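Chain residues, written in single-letter form:
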Amino acid sequence: MKKDKAHFIAFAGVMFALIIVLFLLESFVLTGLGVTACILSLPVSIALSIYDDWKKSFLGGTLLGLASCLFCLIMASFIIYANPLISVLPRTFIGITSYWTYRGISKLTGKAKNAFVRDIIPASVAGVVGSVTNTVLYLLAVNIWMGSIESSLTDILTVAVSIYFPIELAACLILVPIYTKVLKKINHTLITKPEKVTADGENVVNDNMS
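A brief report on the enclosed structure follows. Since the structure is predicted, the reported quantities are computational estimates derived from the model, not experimental observations.

**Quick notes on a nonpolar patch on the surface**
Part 1: A surface patch of nonpolar side chains, about 1,000 Å² in accessible area, is lined by Trp 54, Phe 58, Leu 85, Leu 89, Phe 93, Ile 96, Trp 100, Leu 140, Ile 144 and Trp 145.
Part 2: Only α5 (92–109) and α6 (115–145) provide two or more residues apiece to the nonpolar patch.
Part 3: Inspection of the secondary structure assignment puts Phe 58 in the loop between α2 (41–50) and α3 (59–74).

Here you go:
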């Protein structure tokens, strides 16, 4: 099997568009509360980071950060968070911590006969780790790059930690295993091309497959 780079780039573009749509949907639903909880977009980003190899582990978090930055630039009330050091940089680590958590636990549960233990638990724990990484690093970046926090901002961050974080945590725990399974199927059918063996024993990519 060989990875098709063109298909992967197209796939990454589609995932970025999906994350933006989910981000906008979340914002419209929660717009009256002043903070956008990543209930749907964060689990997609984590799943996108752990479904394949470590070289792509940064992809999901980075796409989520770019979507967040774009959203903050569009929405004037969130413009203070458009700084890439706040909206993008912390989220590049989401997939990295999630990926290695997923791989480490998968090695421990890989031989289990129970599908829940073998497949669901590693992805769920990775989702929890990714959610914690997102919240901790994002709030740390806000504190570092925005200097002293005013009372209004403190109130917003309090709401983010006390209300949105538990919701995001639960969403990642449940949804990441589902999204990971779907992405693995998409990767197998759309991004990875099967190779065929010629008469002289050489492997060539079947360009008719997509």
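**Re the nonpolar core**
Part 1: Of all hydrophobic cores here, the largest spans 37 residues; its most connected members are Phe 11, Leu 42, Leu 48, Ile 50, Tyr 81 and Leu 183.
Part 2: No other element matches helix α1 (residues 5–30), which puts seven residues into this core.
Part 3: Setting aside its immediate chain neighbours within four residues, Ile 50 contacts Ser 98, Tyr 99, Tyr 102, Arg 103, Ala 123, Ala 126, Val 176 and Thr 180.

**Section: the packing of aromatic side chains**
Part 1: With the rule as written, the count across this model stands at five aromatic pairs.
Part 2: Consider the rings of Phe 8 and Phe 11, whose centres lie 6.4 Å apart with planes at 45°: the pair is tilted. On the criterion of helical spacing, the pair formed by Phe 8 and Phe 11 is a turn pair, its members being three residues apart in helix α1. No difference in accessibility class separates Phe 8 from Phe 11, as the two residues are buried.

**Concerning the pattern of salt bridges**
Part 1: Scanning the model with the defined rule gives three salt bridges in all.
Part 2: Between Asp 52 and Lys 56 there is a salt bridge, with its nearest N and O atoms 3.6 Å apart.
Part 3: The exposure class of Lys 56 is buried, given its relative accessible area of 17%.
Part 4: Here Asp 53 and Lys 56 are joined by a salt bridge, their closest N and O atoms 3.6 Å apart.
Part 5: Connected through shared salt-bridge partners, Asp 52, Asp 53 and Lys 56 make up one network.

About the criteria used
Residues numbered from 1 in each chain as written. Predicted model: local features only at pLDDT ≥ 70, side-chain atom pairs only at ≥ 80, totals over all residues. Heavy atoms only, no water. Patch = residues over 30% accessible without salt bridge, like charges linked within 9 Å, V, L, I, M, F, W, Y side chains within 5 Å. Areas by Shrake-Rupley, 256 points an atom, 1.4 Å probe, with all protein chains shown as cover. Salt bridge = Lys/Arg side-chain N within 4 Å of Asp/Glu carboxyl O. Helix = DSSP H or I, 4+ residues; strand = E, 2+ residues; numbered from the N terminus. Core = buried A, V, L, I, M, F, W, Y, C linked by side-chain atoms within 4.5 Å. Buried < 20%, exposed > 50% of the residue type's maximum accessible area, 1.4 Å probe, protein only. Contact = heavy atoms within 4.5 Å. Phe/Tyr/Trp six-rings, centres within 6.5 Å; stacked < 30°, edge-to-face > 60°.

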